[in-house]
Amino acid sequence: MLNCLAQGVLPSPVDGAACVTQYPTASLQFKLELRNPPHVGLSSCESFSKRRTCIDCRRRRVKCGGELPSCKRCVRGGYGLDCQYTSERGKTGVQLLEASVVKLEARLAELQGSINQKQSVLEIHVPGRGGLCQIGIDPSFRLVPPATTARDVVSLPYEWWEQSNKIPLEVAGLLMDYFAPYAFQFGFFMHGPRLCQLMFQRSSSTSPNLLNVIYLWGIHLSGDERLLVHEPLFLKRAVQFDLFGQQSQHVVHNIQAEILLVAYFLHLGKPSSAMHRLNSAVSLCISYGLHQQASNRPISALHLPPPRDSIERGERIDAFWSTFLFYKTLAVQERAFSGISATMDESIDTPFPVEMSTYEGGSVPSNLYGVRTFNNFIDAPGADLSHGILALVVKSAALFERARYYGMKWQSVFRPDEQKFEEDLLLFIKLVPPLSQFIGPYTKYTWITVVTFLQVAVIHFHGSRKYDVSKQKCLVAAQTAANLIASFTRLKPLQHIHPIMAPLWYTVCETLIVGIRGLQLQDPRKVGSKEHLVQSLNTVVHAMETFSHDCYEMKAHLMRLHGTFHHYLPYFLL
């Protein structure tokens, strides 16, 4: 600020706007601001007296001389320092100067932030998906690891939230730091370094919809009251999508924004709002043909230009399959098996995704013969597990949804297609790589998601069948899912977990409680079997309680569990 004053840079006093005028010195500028405009036939004193009345004289309704900087009446009364005049807009001179100082300081901070732009981008790390230990792939070739903690900020710029698409760079970096470590857990599929470069270069290639959703997540995860107070404002901006005027390069960004909003609303325990955002993402994927990226689709009004490189091509593949993953999961939770889902399944030829490091290396999966990707997988789930982490989660979610479908359509006997599906499901479970082959903490988190999906798929497939062997298979699957949690707690604890886990763990608890009650009714002397089931139930309930403090979806399912089985839980839980 002192440098600005020394250079004579002050805003125009007429409207208080941020326009600046250069003068040799600050004192000359100040004199020019206070100079009277020319009035023919009037002296300077007469002009002041007719145009100016100080606030105090006006309040007392006495004549004011209009002298500057203080009128004679106020000076004689001994309060000349408090004499002030209002501008045409009702602001005093002191208020105008204070507003000018604030705007100049904000501009200075913005210029300083642009100087450190390159350094800011390098300091922000968005984790990649990691990968599996495979021959021929260098496990060290990954995106940079996430920062352990967000940068400490002593103070935030004045009214930093005012401009929705151009918040100060230091605040944008802070919010990205809060969001980045958990990005993959909430459905982030894009190339992190490239997105950061676009964000901090203020590029028009970055969708404002995506920026607002990232800022929303950063505020939500910050735990900082100074930021959390503005979460409703950023939520309002995030849901006000402008899809009609979107540019072609914003399509994938807008799909990413919708997916992050789906996770956000699930995190808050609002599945209906999440389903609304998910339907928008599905519409974008189908409209722009992301489900048929291997087909020679005719050019229509809605189409994307050819991808610039393998990374952009990979982002389009990941955009579709991330949407597919959420759609299959929420379809089971909301029991929304629709014709759109079946039609989309029949026409998918987009290849399964691979790791981001593979895209970075210039390789992209291909489907030269236009094979129906999803149908081919459902016909032989265990034929190929060479794809990446995202593909593994997508495949497990697809089997999860198909198992739920068969369970709801159950009849008195097993049909041949049901028997084949069960065999394929069990084979896929055996072929899932063990935890030791997953690289990085966030891919280890994916492991528990994949295996829990598959075990709950077994429960859904057999849950409605009245056979004793089906009941036993459900109990074994529930205990296996509980043992996964017990083994995972020995790793570094997670601060946040994907809300998808809430309905999965609820199903596991429901199965264990039914099994415990069945053992009590059959033979109360079978203490050993009951103790194992009770121990498994305690493990799952404890995990749900741990994450319910932050995830409202988990809290809602935990309350539902206590409400449904309130007669039994006090006797089961240790």
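So, how was this worked out
- The numbering scheme is per chain: residues are counted from 1 as the chain's sequence reads.
- At least 70 in pLDDT is required for a residue's local features to be given in this predicted model, at least 80 for side-chain atom pairs to be given and counted, and no such filter applies to totals for whole chains, interfaces and linings, which use all residues.
- To obtain the side-chain values, all non-hydrogen atoms of the structure were included, while hydrogens and water were left out.
- Counting from the N terminus, the helices are DSSP H or I runs at least four residues long and the strands are E runs at least two residues long.
- Each residue is assigned to one of three classes by its accessible area relative to the maximum for its type, calculated with a 1.4 Å probe on protein chains only: buried under 20%, partly exposed between the two thresholds, exposed over 50%.
- Contact criterion: two residues are considered in contact whenever any of their non-hydrogen atoms come within 4.5 Å of each other.
- Shrake-Rupley sampling with a 1.4 Å probe provides the accessible areas, and residues are treated as covered by the protein chains on show and by no other component.
- Axis lines are fitted to C-alpha atoms, over the contacting stretch for helices. Their N-to-C directions set the angle, which ranges from 0 to 180 degrees.
- Throughout this description, any angle smaller than 35 degrees is read as roughly parallel, any larger than 145 degrees as roughly antiparallel, any in the 65 to 115 degree range as roughly perpendicular, and the remainder as oblique.
- Should the near helix be turned anticlockwise from the far one by less than a right angle, the crossing is termed left-handed; should it be turned clockwise, right-handed.
- For this classification, Asp, Glu, Lys and Arg are treated as charged, while Ala, Val, Leu, Ile, Met, Phe, Trp, Tyr, Cys and Pro are nonpolar and the rest, including Gly, are polar.
- When two cysteine sulfur atoms lie within 2.5 Å, the pair is treated as a disulfide.
- UniProt positions are given in the numbering used here, feature names are shortened, and annotations may be inferred rather than shown by experiment.
- Definition used for salt bridges: Asp or Glu carboxyl oxygen within 4 Å of a side-chain nitrogen of Lys or Arg.

**Some remarks on the overall build of the protein chain**
Within the protein chain, the regular secondary structure consists of 26 helices and four strands. Every one of the 574 residues in the protein chain was classed for burial, and the buried ones make up 48%. Restricting to contacts in the protein chain with at least 6 residues of sequence separation, those with at least 24 account for 69%. Counting only carbon and sulfur atoms, one obtains 56% of the accessible surface of the protein chain, whose full area is about 28,700 Å².

**Quick notes on the packing of helix 19 (residues 389–408) against helix 20 (residues 416–431)**
Closest axis-to-axis distance for the helix 19/helix 20 pair is 11 Å, and the angle between their directions is 150 degrees. Here helix 20 runs roughly antiparallel to helix 19, going by the angle between their axes. Here helix 19 runs over helix 20; the crossing is left-handed. For the pair helix 19 and helix 20, the contacting residues are L392, K395, L399, R402, A403 and Y406 in the first and D417, E418, F421, L425 and F428 in the second. Taken together, the residues of the contact of helix 19 with helix 20 sort by class into seven nonpolar, no polar and four charged.

**Quick notes on the side chain of H230**
Considering the arrangement of structural elements, one finds H230 in the loop between helix 11 (225–228) and helix 12 (231–239). Excluding anything up to four places from it in sequence, H230 contacts W160 and W161.

**What about unusual backbone geometry?**
Located in the positive-phi region is R61, a residue other than glycine, with phi close to 60 degrees. When you line up the elements, R61 lands in the loop between helix 4 (55–60) and helix 5 (72–76). Residue classification places R61 among the exposed residues on the basis of a relative accessible area of 78%. For E159, which is not a glycine, the phi torsion comes out positive at approximately 50 degrees. The residue E159 is located in the loop between strand 3 (131–132) and helix 8 (169–179) in this model.

**Some points on the state of the cysteines**
Within this structure, the stated rule accounts for zero disulfides. As a non-bridged cysteine, C54 has C57 as the owner of its nearest cysteine sulfur, 3.3 Å distant.

**Focus on the UniProt feature "domain: Zn(2)-C6 fungal-type" (unreviewed entry) in the protein chain**
As recorded in UniProt, the sites labelled "domain: Zn(2)-C6 fungal-type" (unreviewed entry) are residues 53–85. Taken end to end, residues 53–85 has its terminal C-alpha atoms 7 Å apart, with 33% of it in helix and 0% in strand.

**Things to note about the pattern of salt bridges**
Counted under the stated rule, the structure contains 13 salt bridges. As a salt-bridge pair, E312 and R316 come within 3.1 Å of each other at their nearest N and O atoms. Taken together, the residues span about one helical turn, with E312 and R316 both in helix 15 (residues 310–333) at a distance of four residues. An identical accessibility class is assigned to E312 and R316; each is buried. Ionic pairing is found between E418 and R415, a salt bridge with its closest N-O pair at 3.4 Å. On the basis of relative accessibility, which here comes to 0%, the residue E418 falls in the buried class. The network of salt bridges with shared partners includes D56, R59 and R60.

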